[in-house]
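Survey of secondary and tertiary structure
Chain residues, written in single-letter form:
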Amino acid sequence: MNHFHYLAGEMHCESVALSRIAADVGTPTYVYSSATIERHATVFRDAVKDCGCGNSLVAYAVKANTTGALLKLIADCGLGADIVSGGELIRARRAGIPADKIVYSGVGKNLDEMELALREGIYQFNFESEEEAEMLSRVATRLGMEARVAFRVNPDVEAGTHAKISTGGATDKFGIPAHRIIPAYRRAMELPGLKVQGIAVHIGSQLTDLEPLRLAYQELGRMIAELRAEEVPIQVADLGGGLGVPYVAGDPSPPSPEDYGRMVAEVTAGWDVRLVFEPGRVIVGNAGVLLTRVMLVKEGQPDPFVVVDAGMNDLMRPAMYDAWHDVFAVRQQSRRRRSSIVGPVCESSDVLAKSRDVEEAHEGDLLAIMTAGAYGAVMASNYNSRGRPAEVLVRGGEYAVIRERETLDDVVRNEVAEPVWTGEQR
Ligand code: LLP
């Protein structure tokens, strides 16, 4: 469900024509629908609100899209944040997300980041190794503070998604394996400055089948029982994120948040814990498109190349994960032509859609690359000295630029024109 639709043959976001945004702001530009984000946040929250003890924390995985105005919108919907860096922590706090709704994941949190998160008073640190427990204990002791902590277990399940976005297999770097869980908790309970409260799991992203999640959660349930038998006071179970979204219009395969909520309620019945969820993609994925203009159409083998002004630096997913994004003409066309939609970047992998049956495109046409709200703008780079795209948020009949397009001055800002040498002169 999203708010991108055709009115009189022209794609609109809510009530704003995408052509108007292109004319005013230029291209490439990410365009987000606030109504879609609000709807997804509400639907997800409602779907899980009665699971566990009934006071579930929905902590939006900030990494999916970190733009400030968008985070603020999500904060206003009452969601917390799942963060993976000090930068994300500061962004979440600036957006008004209360510290006691923030959980901190990630395999490498440095000492400064730990200190910052401790001082802010976040809800929970999710350790991904025994070493992190030792490090945080030292930081907390030095500051005379206490950190609420959990370990992330690696349940060794096949997530059934793309290998590059699977995180719960035995050879993935995330979490710690089940056989190390009990000793890890025993040690953490001895360490000063730590208050053991929870356990966490996250097995991957863009999951379109609930079974791997069910298996992982069942494993988590077994572990909670084992830990409690060892007198480890588990009160919180963080079930991670990962729920997939449709990337092909009308694809019915991703389970709805309601299906997901029912499965969770079933598996976690009797756990007697507060549940935490870390959804990212399902909140923002379908709420954004990348708006781009056709620069030229050149003949090619086997199909013509439609060269657009958005490239792999703007939207990395097709090049990195062979990801599919639907591409639609902003002004609907009746003629179709098999074509490859490519960016201007000097890489063969700069292909946004390969040999697709799409509406026939001509120089100057606008195209919308769909489902680009999650892991789109956040993964953009300056490769080929391209400024990152502008971002626009739509609300009803109005829109606002929420991130200016980067200029070349922005791109070179941190470069030093005249090197200042340090060290012994020979
Ligand atoms: N929690 C943890 C610990 C995570 O690592 C992630 C995503 C999430 C939650 C949120 O997962 P979601 O609900 O969004 O699936 N760049 C890739 C996706 C990487 C996901 C990384 N971790 C892509 O474009 O598909």
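These numbers come from a predicted model, not from an experiment.

1. As for the overall build of the protein
When its secondary structure is counted, the protein shows 12 helices and 21 strands. Radius of gyration (C-alpha) of the protein: 23 Å, near the 22 Å computed for a compact globule of 426 residues. For the protein, the spread of C-alpha atoms along the three principal axes comes to 70 × 70 × 40 Å. Counting only contacts in the protein whose residues sit at least 6 apart along the sequence, the fraction spanning at least 24 positions is 70%.

2. A look at the site of the ligand
Residues in contact with the ligand amount to 22 residues; listed here are only the nearest, Ala61, Ser205, Gly241, Gly280 and Tyr375. When contributions to the shell around the ligand are tallied by element, the ones reaching two or more residues are α10 (281-284) and α11 (317-321). Its residues assigned to classes, the shell around the ligand comprises nine nonpolar, nine polar and four charged. When residues of the shell around the ligand are assigned to domains, at least three map to each of domain 1 (4-31 + 285-405) and domain 2 (34-281).

3. Side note on the UniProt feature "domain: Orn/DAP/Arg decarboxylase 2 C-terminal" (unreviewed entry) in the protein
When the UniProt feature table is mapped onto this chain, "domain: Orn/DAP/Arg decarboxylase 2 C-terminal" (unreviewed entry) is found at residues 30-373. The straight-line gap between the two end C-alpha atoms of residues 30-373 is 8 Å; of that span, 31% is helix and 24% is strand.

4. Quick notes on unusual backbone geometry
The step from Thr27 to Pro28 runs through a cis peptide bond, and the omega angle for that step is -5°. Take Pro28: it is sitting in the loop between α1 (18-25) and β4 (29-33). A cis geometry characterises the amide bond from Gln301 onward to Pro302, with omega recorded as -10°. Its place among the elements puts Pro302 in the loop between β14 (288-298) and β15 (305-308). Here the phi dihedral of Ala8 falls at roughly 50°; this positive angle occurs in a residue that is not glycine.

5. A closer look at the sheet that holds strand β1 (residues 4-7)
Read from one edge to the other, the open sheet built from three strands follows the order β1-β2-β3, with strand pairing classed as antiparallel. Both outer strands of the open sheet, β1 and β3 (16-17), are each paired with one neighbouring strand and no more. Two strands pair when backbone bridges link them, and β1 and strand β2 (residues 10-13) are joined in this way by four bridges, in the antiparallel orientation. Note that in β2 the partner of Tyr6 across the bridge is Met11.

6. Here we look at the nonpolar core
Across soluble globular proteins, nonpolar side chains have a tendency to be buried as a group. By size, the foremost hydrophobic cluster in this structure holds 123 residues, and its most contacted members are Ile102, Ala368 and Ile369. Counting residues per element, this core draws most heavily on helix α8 (residues 211-229), which supplies six residues. Residues lining this core come from more than one domain, with at least three contributed by each of domain 1 (4-31 + 285-405) and domain 2 (34-281). With sequence-adjacent residues up to four places away left out, Ala368 is seen in contact with Phe4, Met11, Leu18, Val289, Leu291, Phe328 and Val330.

7. Brief notes about helix α9 (residues 257-268)
With 12 residues, α9 ought to run about 16 Å at 1.5 Å a step, and its terminal C-alpha atoms sit 16 Å apart, in line with that. Those residues of α9 that are buried are in contact with α2 (34-48), α8, β12 (236-238), β13 (274-277) and α10. Directly after α9, the chain includes Gly270, whose backbone phi takes a positive value near 85°.

8. Notes on the domain arrangement of the protein
Where the parts come together, the accessible area they lose is often given as the size of the interface. Parsing the protein into structural domains produces domain 1 (4-31 + 285-405) and domain 2 (34-281). The gap between the C-alpha centroids of domain 1 and domain 2 is 32 Å. Every contact between the two is made by 21 residues of domain 1 and, on the other side, 21 residues of domain 2. Contributing elements (two or more residues each) for the side of domain 1 that touches domain 2: α11, β20 (390-395) and β21 (398-403). Sorting elements by how many residues they give to the side of domain 1 that touches domain 2 places β20 first, with four residues. Its residues assigned to classes, the side of domain 1 that touches domain 2 comprises 11 nonpolar, five polar and five charged.

What counts as what
- Residues numbered from 1 in each chain as written.
- Predicted model: local features only at pLDDT ≥ 70, side-chain atom pairs only at ≥ 80, totals over all residues.
- Helix = DSSP H or I, 4+ residues; strand = E, 2+ residues; numbered from the N terminus.
- Rg over C-alpha atoms; globule rule 2.2 N^0.38 Å.
- Contact = placed C-beta atoms within 7 Å.
- Near = placed C-beta within 6 Å.
- Nonpolar A, V, L, I, M, F, W, Y, C, P; charged D, E, K, R; others polar.
- Domains from an automatic or database assignment.
- UniProt positions renumbered as here; feature names shortened; annotations may be inferred.
- Pairing = 2+ DSSP bridges.
- Core = buried A, V, L, I, M, F, W, Y, C linked by C-beta atoms within 7 Å.
- Buried ≥ 20, exposed ≤ 12 C-beta atoms within 10 Å, placed from the backbone.
- Expected span 1.5 Å × (residues − 1).

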